[in-house]
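The chain contents come next:
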Amino acid sequence: MTVRLDTLPNGLRVVTEDMPALQSAAIGLWIDAGGRHERLEQNGIAHFLEHMAFKGTARRSALQIAEEIEDVGGYINAYTSREMTAYYARVLQQDVALALDILGDIVLNPAFASDEIEVERGVILQEIGQSLDTPDDIIFDWLQEAAYPSQAMGRTILGPAERVSSFQRDDLSRFVAENYGPGQMILSAAGAVDHDEIMRQAEALFGHLQPVSQIAIEPARFAGGERREIKSLEQVHMALAFESPGYRDEDIYTAQIFASAMGGGMSSRLFQELREKRGLCYTVFAQAGAYADTGMTTIYAGTSEADIRSLAEVTASELARAGRDISEQEVARARAQMKAGLLMGLESPSSRAERLARLVSIWNRVPALEETVARVDAVSRDAVAAFARNLAGGELAVAFYGQAADAPSRADLQERLVA
């Protein structure tokens, strides 16, 4: 397998990985324009723009976009995160050029027809309403807001309904003009791909674009805080967050191994203690997410009103205890899980294309897989224990949703974390 990375004269980066055994390919555009690139009055517009990409262009109607990709058995989709918007497709080898042409069309030539804006506005408002009715989804938005209050990093990706209700064509066009420059774009493809042919097509589609100076993003400031929403639900949902390393921090692998050891599977500490031994919950997990300049280690669990205090207190106590007695066996298991997850994920061309884009966005290069595995293997038990102690001694963000009146306060939990 061969990874190649080239840059057009205007700054657009093209990265590919040929996977000779495959007859299909994944290809997409990853753009450094997500929720944290929005000004306050724009909150939700990156996601709105993602929706509008499929609603027609100067050359294709919404139906034609869907028919052209599905006529060849492919699919096309998109997503918006806090730091990126992605538009991607999966097709057979002979249809890669078609997929790239459609992707270029929807990103560069959206029609933004007024009637389609109104239709999609209704769809997004329904999506916002659905998220509010999904407790184990909305709680993470509230947790993010508690962790990063009054800043772009803390705002919801979907945006508030009142702002989404006000966006017009000029607002969408302005965000594109400010953030969709070639220097903010990465064209990534993996599978049965020809790098030179993709470069030729990329030059034809995107070579005319003029660079733009992207608006500087607001630095993230993890402050910690508490959000408690009382509602009559069957379960009380709890989410905790601690600041942890960003993508470029050497300790990112330590954070990920710690999260896996604490809540990455059935053998993890929190699963064993909270579910298997005490029967306090059905679902519990931990994960370490990362951004350009910060990260969050999060823990989620749901339980009954009667057990929420015990669940929260035992979770905090287990996090504190990990800094004292996490074992070499636990760390070795977490390392193995992390490497297996990485390697298994790379059996999919879609996963590979996304990984390529993310690595180029972070490092402007694609580190060899062996380099990543070596960094995982280099994480020691002592490093994980030290990370756990630092985490427990830092600021805490907490969110509760449901019949949470008896849930402990953030201050109570922080006391347990350092006990």
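Residues numbered from 1 in each chain as written. Predicted model: local features only at pLDDT ≥ 70, side-chain atom pairs only at ≥ 80, totals over all residues. Heavy atoms only, no water.

*Asks:* So what's going on with the sheet that holds strand E4 (residues 75–80)? Which residues, and what values?
*Replies:* Judged by pairing direction, the sheet is mixed, and its six strands sit side by side in the order E1-E2-E6-E3-E5-E4 without closing on themselves. Bordering the open sheet on either side are strand E1 (2–7) and E4, each of which pairs with just one other strand. Recorded for the sheet is a direction-independent mean angle of 15 degrees between the axes of neighbouring strands. Pairing geometry for strand E2 (residues 13–18) and strand E6 (residues 185–191), over six bridges, is parallel. What sits directly across from glutamate 17, in E6, is alanine 190. (Pairing = 2+ DSSP bridges. Helix = DSSP H or I, 4+ residues; strand = E, 2+ residues; numbered from the N terminus. Axes fitted to C-alpha atoms, helices over the stretch in contact; angles between N-to-C directions.)

*Asks:* Now, about the environment of proline 20: what can you tell me, with residues and values included?
*Replies:* Relative to the elements of secondary structure, proline 20 occurs in the loop between E2 and strand E3 (24–31). Proline 20 gets classed as exposed once you look at its relative accessible area, which sits at 62%. When the C-alpha positions of proline 20 and arginine 333 are compared, they lie 32 Å apart, and in sequence the two are 313 residues distant. (Buried < 20%, exposed > 50% of the residue type's maximum accessible area, 1.4 Å probe, protein only.)

*Asks:* Describe the sheet that holds strand E11 (residues 396–402), and please don't skip the residues or the numbers.
*Replies:* Across the sheet, which stays open at both edges, the five strands sit in the order E7-E11-E8-E10-E9 with mixed pairing between neighbours. Either end of the sheet is taken by a strand with one partner, and the two such strands are strand E7 (225–230) and strand E9 (284–290). Direction aside, neighbouring strands of the sheet carry axes that sit 10 degrees apart on average. By the bridge criterion, six bridges tie E7 to E11 in an arrangement that is parallel. Directly across from glutamate 229, in E11, lies its bridge partner tyrosine 401. Helix-sheet contacts for helix H11 (residues 308–325) involve strand E8 (236–244), strand E10 (295–303) and E11, and the interaxial angle to E8 is about 20 degrees. (Contact = heavy atoms within 4.5 Å.)

*Asks:* Provide a residue-level description of unusual backbone geometry, including the pertinent values.
*Replies:* In this structure, phenylalanine 112 takes a positive phi of about 50 degrees despite not being glycine. With respect to the helices, strands and loops of the structure, phenylalanine 112 is situated in the loop between helix H3 (96–108) and helix H4 (114–132). The backbone of serine 150 shows a phi angle near 55 degrees, a positive value even though the residue is not glycine. Counting through the fold element by element, serine 150 comes out in the loop between helix H5 (135–147) and helix H6 (161–164).

*Asks:* Account for helix H1 (residues 45–52), naming residues and giving values.
*Replies:* Most of H1 is tucked away: eight of the eight residues are buried. Looking at H1, one finds that the buried residues are Ile45, Ala46, His47, Phe48, Leu49, Glu50, His51 and Met52. Contacts made by the buried residues of H1 are with E4, strand E5 (85–92), H4, H6 and helix H7 (169–179).

*Asks:* Account for the pairing of E1, with residues named and values stated.
*Replies:* Where E1 lies against E2, six bridges are found, and the strand directions are antiparallel. Bridging across to E2, threonine 7 finds its partner in arginine 13. Between E1 and E2, which follow one another and run antiparallel, lie five residues, and glycine 11 among them has a positive phi close to 110 degrees.

That's the geometry; what it means functionally is another story.
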